[in-house]
Structures are given as C-alpha cells and as structure tokens.
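These are the residues of each chain, in order.
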Protein chains: 2
Amino acid sequence: MAIEAVDTMGAAMRNHAGWGEVEGALSAAELETLTSLLEAALGGRPSYHHPVPLSSIEMPSSRLGRLPPALAGMVDGDTFSRALHSYGRSFPELVRARSGDFSDAVDGVLHPADETEVAEALDFAARAGAVVVPFGGGSSVVGGIGPLHRRDHPLVLALDTGRLDTVAELDPISQTARLGAGLLGPALEAALRPHGLTLRHFPQSFEFSSLGGWIATRSGGHFAVGTTHIEDFVSALTMVSPAGVLRTRPLPASGAGPALERILAGSEGAFGVITEATMKLAARPVYRASASVVFPSMAAALGALAELVRSRLNPANCRVLDESESLRSGLGAKVRMLVAFESPNTPVDALLSAALELLGAEGGIKEAEEGGGGRSGAADRWRSSFIRAPYFADAIVGMGLVVETFETSVSYAGFPELDEAARRAISRVERARGARGFVSCRVTHAYSDGLAPYYTVIASPGTADPLAFWAELKEAVTEAFVHHGGAVTHHHGVGRYHRPAFEESIGEAGRAALGALRRHFDPQGLMNPGVLLG
Amino acid sequence: MAIEAVDTMGAAMRNHAGWGEVEGALSAAELETLTSLLEAALGGRPSYHHPVPLSSIEMPSSRLGRLPPALAGMVDGDTFSRALHSYGRSFPELVRARSGDFSDAVDGVLHPADETEVAEALDFAARAGAVVVPFGGGSSVVGGIGPLHRRDHPLVLALDTGRLDTVAELDPISQTARLGAGLLGPALEAALRPHGLTLRHFPQSFEFSSLGGWIATRSGGHFAVGTTHIEDFVSALTMVSPAGVLRTRPLPASGAGPALERILAGSEGAFGVITEATMKLAARPVYRASASVVFPSMAAALGALAELVRSRLNPANCRVLDESESLRSGLGAKVRMLVAFESPNTPVDALLSAALELLGAEGGIKEAEEGGGGRSGAADRWRSSFIRAPYFADAIVGMGLVVETFETSVSYAGFPELDEAARRAISRVERARGARGFVSCRVTHAYSDGLAPYYTVIASPGTADPLAFWAELKEAVTEAFVHHGGAVTHHHGVGRYHRPAFEESIGEAGRAALGALRRHFDPQGLMNPGVLLG
C-alpha cells in the first residue's frame, strides 16, 4: 500500500484530520509565533485544540459485504484508511475531521495496482451499485473528495491510485516519461532525478498530491508564467472508465481532431480514473538568477508584470505579493515582485538584467538579486513559507478561526474591479457577523492577457459558527469573481463547492456538452458524483 | 458578400480552380524558371495547361428550391460561387477543379451575417435534410471542404463564414479581441494593426484562411517554437450547432472542468460553426534579431534544435531546412537553421547571441546575422518562397505532375526511424510506378520533446495516373508516420483524407468519445459529414 495504514507515530504517517504528515505539524515555537500574530491581528488570544484522536472516532460500520476474489487483495477497511480517504483538505472537511465526525466515512478503500485492477474495481462498483471516489493524494480544497452523503448511496468506495506508481518508459533523448498516475510529487521527482530530469510542476500541495490528481483537476504549477497548467505538459493519457479504456498516443503535438487529452484533463474523477500519463519533462536547471523588486503600488507592479510577461524574456517565475502577503511571508510590508530565470544549458544573468531594466522603467526598484545559479533570499523565504502554509492553516482551523484561500483569473483590464468586488464581499460578510479578519493577495500566475490573483483570508467568525461563516464567505467571494469577469477557479478545481458557479458560468449548452461526455464515459453515474455537474 | 462573385478579372478575384487569387498565378518568367528546374530534376520538359475556364464548366442544376424568407438574402447560387465553395485546395481537388469536373458541386452557398443567421441556416438545413459544409477560406488540403458526393445527400450547402467579420471588442490593456470567425488573415491583422496589436498567427494559408477555420482545424502558426497552435491563443469561443449556441467566457486561464474551447478546437465543422472567438493578442514586435546557421548534418541540427528549444531563450522562430529544402528556397544546398528573436519592449540581440553560442557548441556555424529590428536575408528569402509556394504548387499540378506535402510530429528519439520510413515509402511508390520525384524536408515546429517534420514531394507519376499515384503516396506516407510514432497530422487537419488513419490512431474508445460529442452537437448528422469520423 502506498499510504501507511498504521495508527502509530511513524516517519511518514499521514494525518487523518489535517494536512500532510503528523510530523509536519507546527512546533510549539511555531504555534506560539502564530498565536501572537493572530492575537495582534484579530484581537483576543486564540487557543489551539488538538483534533479528536483516531482511537476516539466512532465510524459507521462498513457496508462492504463479501468481496469477489479479484478484489479481496485490494480493499482496505481499517479505521485509519477509511478516515484518511473520506475527506479532502478543505476548511469544512478539516473542521469535521478534527471534530471526529466521520459519519459519512467511505465504506472501504480500493488500492488497484494496475489498469486491469482499476477496471475490475469499476466493474465491481457497477454491479454493487457503489459510487467510486478516485483519490490521488487527497489534497482537494474544493470538495473534490468528500463529503459524500452516505445515506444517498448503498456503498461508497474510495479508489486510491497510490499503487499506480510505475515509471514505465523514460526517453532521455526526447525528455518524456510514461508515469503512473498515482505517483505523488516527491516520488515522481525522485524517479526522474537520476536521469537529470524534472517535471517542474510544484503546486503548493506537491508533497501530497498525485500526477493523476493534477491532471484531473488541471493543476497550476509553481512556475507561474505562461505555460504552467499541468495539461500543457501532457503528451498522452490513459483513463479507465466504466465505458472502457481510453488510451491516447504520445506525441509532441497534434492537429488531429479535438484533443482527447484535453477532454479528460479537468474531469475530476467524474469520467473515470486516469491511470497513467506520458509527460513532457525538462532537464534540471543549472543556471539560475532571481531578484526581488519593490513597487510603489499594486497597479504599478501589475503594469510591470504585463510588460515582463509580454517581453518574451520568458521568466521561469514571476509573483507579485501585496503588502500584507509580503509581511506574512516574513518580508517587509511592501508591494514586491519575485522574478526568477533558469535554464539547463545557457546562462541567464543577461535575461535577468534585461528584465530588471524593463521593470525599472515601470517604477520597480531592485531590492536584492542573485545570479550564477543561486536564488534570492526573498525567493527562498517566500518559498519556505509557501510550502509550510497548509500546516499553519491547519493550526488556525484548530484555533476555531476561519482560513480560506480564493483564487481566480481575470484580465489585466478587469482586475481592479474584480479586486474591489472581492474585498467588498469579504468585508460585507465580516461586518454582518461582527467578525474581524484580514486579507492578503498575491498574484500566483501571469499571462499575456491577465493574471491569477490569490487571496488568503483569516478571520475570527464573530457571531457565526465557523462553518456557516465559511459558507457565506465562499459564496460571496465566488460570486464576486464570476460576476466581475473572473474564472470560477484558476487551479483549485471545481469539486462540489464551486459546482453551482461552474454550472452557471458554462451555461446550459456547456452543461449539456459536458453532461453528454459524462453519460458517455459513466452511464450509470458511479464516478465521483456531485463534482462538476449536479 | 465577402468573396467577389464576379466572373471577370478583378483585383481580388479568387481562383475557382487554384490557390488564392487569379492575379497571384505565376508570371511567365516564374513559370519558365519552374519548368527548367523540374526538367533538370525529373527529366522531360513538363508543359503547363491552363484550367478549364469557368465559362466552359457544366455544373449540375442546383437542387435548392424555394427558400424561406429568412434565408433568401443569404444564399448565393451562381456558378462562380458554387465552384469556389465546392473544393478545398488539396491535390485531388485541384486536379478535378482544373479539369472542369464540378459534377459534385454544392447546390448553393449560405452567407450568414451573424449568429442568428447561422442558426437560421442550420434550422433550414435540418428541415431540408441538407448537409452543411462550413467554409472559411477554403484552403483545406486534407479534404475538409470537399468533395461530398452529391448523390449521397438531397441537398449540399456550403456555409461561408465570410460575413462573420466583426471586431466586436478590443481590449488594448489586456491585449485581447473578440473577433468574427470569418475574418481572413489579412483583414484580421488589418483590424488589429491600428491598435499596435497582432494575432501573430501566420500559417502558409494566411491570406486565404479564416480565424474560425484555423480554430476548427487546430492550425499551426509560422512562429514555430512551443506555443504555436491557434488553440493556445483562444480565450473564448462561440459555436452555433444544431443543438444550440455554446458560448464560453473569455478568461486568461482556467482550471474549471474540461476546457470547452478545447472540445471545439479541431472539430472541423463536424460539431457546428464557430462564429467568433476572443483571442489573446500581442503587441507588434519592435526589436528583432535573426540569423542563419549551417550544420554539418540534419542530426547535428536537430540536436542543436532540441537544446535551443529547451534553453528557455524562447526564440520566436526556429526552422531547420534540409539540403534540398535550402536549395528550393534559393539558399545554398546545406542543412540550415533559421532562428529569430523578437520582442515588443526589450532588445533581443543578447538573446540571439546566447542562442548562437549554444548552437555553436552543437556544431552550428553562423552564416548571417541581423539585429536591431532587421531580419536576416536568408529568413526573408525563405519567407517569400514560403508565401508563394502554393501558387507554384498550382502550376506543378497544371503540368500533370504530382505535388504533395506531408507533415507530422514525432519525438526527437523517434525522428530518425520515422524519417527513414517516410522516405522509404515514397521511394517504394515511385519505384512501383517507374516514377521520378524528389523529396525535401524542413522542420516546421519544435517542442521540448519533439519536432514537426514537413516533407514536400514533387514527382512525375510514371505509369500511373496522377490521382492514383497521389492516393498511393498519401496512404503509404501516412501509414509510415502513424506506424513509426508520428502524428496523423501536425497542423493540416484530419478532413476526409486522414480520417482512416485518425480513426485508427484514437482507437475504439477515442472514436466512441468523439462520436458521443458529435451526436450531442449534431444529432441528425448535418454538419460536414465524412470529416474526423466515418
């Protein structure tokens, strides 16, 4: 099994009620720092409560009966495994999991080891009337994993792709590999490293999300300029659905008909299970140069961002942090751009120089710069805070506070209006509930025509219960995005939480087209019901 | 009407039996040069025959009866218009059109001016049992336009999108525009130029192909590194199908569900009519630098190409010509790479220098270089030959010779085998028919994992009739591509000629998925029957 089903403190034990691994939780010192920071920002000293331990959880009995021999070896029904696979890592799921509420726990977890076993698992589900929730790393923050209502289905099974972890083919000349969809980020990179290759896809969930999950949700990478969504790096896909096995051919590019890979990317487990993918890789970077640049305002920074993205200098990364975001990342409270170049085979210092000249002409002032393969200190500090952020969010949930991130994409022209609408929506909900909170914004991705703003909100829920407050906030901000030219989601996916906005945004004809595809792949409606379409 | 329906020599009169405009045909001097060149290469002096003039064409009567009032104003039934819209510009279609064979002529041509009129046209077709062939610029070389067998359908209508030519919205800050799908290349660029913007999409058919046609066939641009297929520049699409109007929202990027725009891109008129698209534009380049670099062998050039594409220096263009292709383009008979950089807002000479250093390390020797906004002479010569090539092909057809281009994409590792297989297939067909021909190859597009080779074959058909020879050649080369790791097509599309190979390459599950989509959008099967799927 790819995930340790052992309820003891182990080196790699996943947290059944929180982000990542148990050992990743905040140290006492980190918790103290966070508590003081939140006290200063929100008033009142929050206190942290541990989640209900696994041993105290009451879980409904599994409804899995006698299994056919083909399945017996791949099903897991212990409490830890059921708990871990019942929830994603969204705020409401964390609240429920921490409180020990596993009343909607899955009945069992399937661990197929290959395509044939996935097909057997889906056959069994079809016969048993079970619904199947594909589970990669379980990091969904949009209700892509849970919760399903147990009472709505005779049997609810998670299908963990963790054993689909082979590196079947690796072509060092073409820099591609056929990879099992269940590979989590670290294992995937570890398999490529000896060949000097990398997928270069580092979402914040990297450690606890899978290749198949990235493709099924159109994940956005950490390398944030232009080509960053995982589907842009897919050369071929295999998906096992109730309708059969769809396998596409690996090609550098094609102009032949609608791209089948693009039909499957973003299907969020509702069409079938992505079992493997041939991915376009890159040689590991040798040359690096980066800098942080301070701007007098967000408007100036975003104008400069557009110029840089359009310059064809092709930075590997370019993020803009607002003052609050800079502060939260341990940098001074200024609007800041972190820009980085890298290459496997050519020096990039001249590229950074050209970029800095361009940014200077737009009002940017260089704060720090590092070339010759290094990274700027600001970039490093930001990166370490980025990777640890979900553990901090966990602790904030444990303090009875609300924490959520809201992401979208919008044109450059449309950003000011969308930004104002989103902030107004947040204030409105907070005011109505007598809540105190703060909001920060960074631009996570940039394109020639627009950008992806990403808001973090941390709040005391005031008079509301945290779950109700979260739901009001989520609805208000999502509506602000969609009604002011923004995407329903830039890279978190649709899941169950964004479904109403998604359905509205694609209109009746869009729903009908996706519905036709869904019915084609899954005529009985077994696959992850409730995501994408109602 | 967007296309002049006047059968007199006019400034912009389209050629009913050949490429482009009548006035674009080869001059006497060009014809003489071509004849001598072909004589030297193939033996025997070919002589050129003019196509059967329009006035001598016998065309079956139109089966269009009395039209409903809503349609009366948008239908065209004169001989010129029917002739022009009955064929694309593939070799067999040119042969038939030149010979005056319009026995399968369309019954009429619809010229809807907006979305509502497109819907009315499709409604009429549904009631009349007509089939509808969407027609942008009519440049398909894969049987995407014709020929339909008249006897198989009670009524065959072309739907010319030429009047869908509005520039509805132009956002200079975000650099996007909502554009009518019927805009041909030159009109589209002319509309953007006053705003300092460009779509930067220059396929060889640029003058006689439309935005909607590009999207429907996943056209590949002239800017040939990485992001080059038109669908990568689509922000939103509207398609009118028999099932209704599907309209997506313009967004810089999205992670919400399967991308509807990608389902429509490549649909080749078989799902409906693309009526408009919001496109990602670019500021017009100000800084340019380019060079031509000579390599000792194709293998060396392709190794260097891979390094350059992966360097992140982001050249705007990078083409490799083999010795024959160099010669045909008026350059010396050497393996040659043409590399170009450009930017709207930052000097690019340093980028070119870095590229030349990289290419030098791979065995490349710089032949010529031009910076500071200019282009290299080699690039200019190559470009002018590129744009004129279809007129030369026309003349070759008029000489009773066979001319065809074969394009695919393949991994770097797979190229040598595919190249050998393709050349062997060509030789085999030529030998079997006692034919003489020559083949040249250029690499039109390059990716991190592979490249798009493009072969031009010109041959005297030997003992075979030109059409039979062409069919044998087409089948043999397509099979060589698909059975040696290549794409069915990189940017010419599927149409009717590539359909068997396409159906084979996507397998039963792929055919079923696309079939489900087609049935959803067009349950009666009105739309461009015979393309993509049988």
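Residues numbered from 1 in each chain as written. Chains lettered and ligands numbered in written order. Predicted model: local features only at pLDDT ≥ 70, side-chain atom pairs only at ≥ 80, totals over all residues.

Our next topic: the overall build of chain A. In terms of regular secondary structure, chain A is built from 15 helices and 19 strands. Taking 24 Å as the expected radius of gyration for a compact globule of 534 residues, we find that chain A reaches 23 Å, a close match to that expectation. Principal axes of the C-alpha set define a box for chain A whose edges measure 70 × 60 × 50 Å. Buried positions account for 59% of the 534 residues belonging to chain A. (Helix = DSSP H or I, 4+ residues; strand = E, 2+ residues; numbered from the N terminus. Rg over C-alpha atoms; globule rule 2.2 N^0.38 Å. Buried ≥ 20, exposed ≤ 12 C-beta atoms within 10 Å, placed from the backbone.)

The next thing to look at is the sheet that holds strand 9 (residues 244-247) of chain B. All names here are of chain B. One open sheet accounts for five strands, arranged 5-6-10-8-9; its pairing is antiparallel. At either margin of the open sheet sits one strand with a lone partner, and together these are strand 5 (167-171) and strand 9. Within the sheet, the average angular offset between the axes of one strand and its neighbour, ignoring direction, is 10 degrees. (Pairing = 2+ DSSP bridges. Axes fitted to C-alpha atoms, helices over the stretch in contact; angles between N-to-C directions.)

Attention now goes to the domain arrangement of chain A. Many structure descriptions define interface size as the accessible area lost when the parts assemble. Residue and element names in this part refer to chain A. You can read the domains of chain A as domain 1 (22-28 + 40-160), domain 2 (172-283), domain 3 (287-381) and domain 4 (398-483). The interface of domain 2 with domain 4 comprises five residues on the first partner and four residues on the second. Here the side of domain 2 that touches domain 4 is composed, by residue class, of two nonpolar, three polar and no charged. (Domains from an automatic or database assignment. Contact = placed C-beta atoms within 7 Å. Nonpolar A, V, L, I, M, F, W, Y, C, P; charged D, E, K, R; others polar.)

With 84 residues of chain A at the contact, the number on the chain B side is 85 residues. Of all elements in the fold, only strand 9 (244-247), helix 8 (260-264), strand 11 (282-283), helix 9 (298-310), strand 14 (335-343), helix 11 (349-361), strand 19 (450-460) and helix 15 (499-521) of chain A reach the threshold of two or more residues within the side of chain A that touches chain B. A total of 12 residues in the side of chain A that touches chain B trace back to one element, the largest contributor, which is helix 15 of chain A. Its residues assigned to classes, the side of chain A that touches chain B comprises 38 nonpolar, 35 polar and 11 charged.

Now for the relation of the copies chain A and chain B. Each copy of the sequence occupies a distinct position, and chain A is placed on chain B by a rotation of 180 degrees and an axial shift of 0.0 Å, giving an RMSD of 0.0 Å. Viewed as a symmetry operation, the transformation between the two copies matches a two-fold axis. (Least-squares fit on C-alpha atoms with pLDDT ≥ 70 in both.)

All right, on to the nonpolar core then. By size, the foremost hydrophobic cluster in this structure holds 326 residues, and its most contacted members are Leu305(A), Met337(A), Leu305(B) and Met337(B). When sequence neighbours within four positions are dropped, the list of residues in contact with Leu305(B) reads Cys318(B), Val320(B), Met337(B), Val443(B), Ala446(B) and Leu451(B). (Core = buried A, V, L, I, M, F, W, Y, C linked by C-beta atoms within 7 Å.)

Turning our attention to the packing of helix 13 (residues 415-432) of chain A against helix 14 (residues 466-483) of chain A. Residue and element names in this part refer to chain A. Between helix 13 and helix 14, the least distance of the axes is 8 Å, while the angle of their chain directions is 160 degrees. When the interaxial angle is binned, helix 13 and helix 14 end up roughly antiparallel. The handedness of the crossing between helix 13 and helix 14 is right-handed. Facing helix 13, whose interface residues are Leu 418, Ala 421, Ala 422, Ala 425, Ile 426, Arg 428 and Val 429, helix 14 presents Glu 472, Leu 473, Ala 476, Val 477, Ala 480 and Phe 481. Of the residues belonging to the contact of helix 13 with helix 14, the class tally is 11 nonpolar, no polar and two charged. (Parallel < 35°, antiparallel > 145°, perpendicular 65-115°, else oblique. Left-handed = near helix turned anticlockwise from the far one by under 90°.)

As a further point, take the pairing of strand 10 (residues 273-280) of chain B. Residues and elements named next belong to chain B. With respect to burial, strand 10 is a largely interior element, eight of its eight residues being buried. The sheet contact formed by strand 8 (residues 234-241) and strand 10 spans six bridges and is antiparallel. Looking across to strand 10, one finds that Thr 238 is bridged to Glu 276.

Before going further, it helps to examine helix 11 of chain A. The terminal C-alpha atoms of helix 11 of chain A, which comprises 13 residues, lie 19 Å apart, in line with the 18 Å expected from a rise of 1.5 Å per residue. Among the residues of helix 11 of chain A, those classed as buried are Leu351(A), Leu352(A), Ala354(A), Ala355(A) and Leu359(A). Mapping the buried residues of helix 11 of chain A onto a view down its axis gives an arc of 160 degrees, with all of them on the same face. Facing away from the buried side of helix 11 of chain A by over 90 degrees, the exposed positions are Glu357(A) and Ala361(A). Those residues of helix 11 of chain A hidden inside the fold are in contact with strand 12 (287-295), helix 9 and strand 14 of chain A together with helix 11 (349-361) of chain B. (Expected span 1.5 Å × (residues − 1). Arc of directions from axis to C-beta.)

Moving on, we get to unusual backbone geometry. Not every positive phi belongs to a glycine, and Gln175(A) is a case in point at roughly 60 degrees. Even without being a glycine, Arg312(B) presents a positive backbone phi close to 70 degrees.

Before going further, it helps to examine the environment of Ser324(A). Residues and elements named next belong to chain A. Here Ser 324 is to be found in helix 10 (residues 323-328). Sequence separation between Ser 324 and Tyr 455 is 131 residues; the distance between their C-alpha atoms is 10 Å. The residues touching Ser 324, leaving out its near neighbours within four places in the chain, are Phe 438 and Ser 440.

A few words now on the packing of helix 9 of chain A against helix 11 of chain A. Residues and elements named next belong to chain A. Remark: helix 9 packs on helix 11, axes separated minimally by 9 Å, with the N-to-C direction vectors making an angle of 145 degrees. Viewed along their axes, helix 9 and helix 11 form a crossing whose handedness is right-handed. Here Ala 304, Glu 307 and Leu 308 of helix 9 come into contact with helix 11, specifically with Ala 355, Leu 358 and Leu 359. Considered class by class, the residues forming the contact of helix 9 with helix 11 number five nonpolar, no polar and one charged.

Residues and elements named next belong to chain B. Taken in spatial order, the four strands make up an open sheet running 1-2-4-3, and their pairing is mixed. The outermost strands of the open sheet, each flanked by one partner alone, are strand 1 (75-76) and strand 3 (131-135). The sheet contact formed by strand 2 (residues 108-110) and strand 4 (residues 156-160) spans three bridges and is parallel. Paired with Val 109 across the strands is Ala 158, a residue of strand 4.

To continue, consider helix 6 (residues 185-192) of chain B. Residues and elements named next belong to chain B. Taken together, the buried positions of helix 6 are Gly 185, Leu 188 and Leu 192. The buried residues of helix 6 occupy an angular sector of 70 degrees when projected down its axis, which confines them to one face. Turned more than 90 degrees away from the buried face of helix 6, the exposed residues are Pro 186 and Ala 190. Contacts made by the buried residues of helix 6 are with strand 6 (176-180), strand 7 (197-198) and helix 7 (211-216).

Attention now moves to the pairing of strand 4 (residues 156-160) of chain A. In terms of burial, strand 4 of chain A is a largely internal element, five of the five residues being buried. Judged by which residues are buried, strand 4 of chain A turns out to be covered on both faces: Val156(A), Ala158(A) and Asp160(A) on one side and Leu157(A) and Leu159(A) on the other are all buried.

As a further point, take the environment of Ser440(B). Residues and elements named next belong to chain B. Turning to its location among the elements, Ser 440 is positioned in strand 18 (residues 436-446). Given 19 C-beta atoms within 10 Å, Ser 440 falls into the partly exposed group. Sequence separation between Ser 440 and Ala 236 is 204 residues; the distance between their C-alpha atoms is 38 Å.

Glancing now at the confidence of the model for chain A. Residue and element names in this part refer to chain A. Considering every residue of chain A, the mean pLDDT works out to 93; 96% of them sit at 70 or more. Residue range residues 1-10 is modelled with pLDDT below 50. Its contacts to residues more than four positions away, or to other chains, number 22 contacts. Overall fold confidence (pTM) sits at 0.96, and the ipTM for the predicted complex is 0.95. (pLDDT = per-residue confidence, 0-100.)

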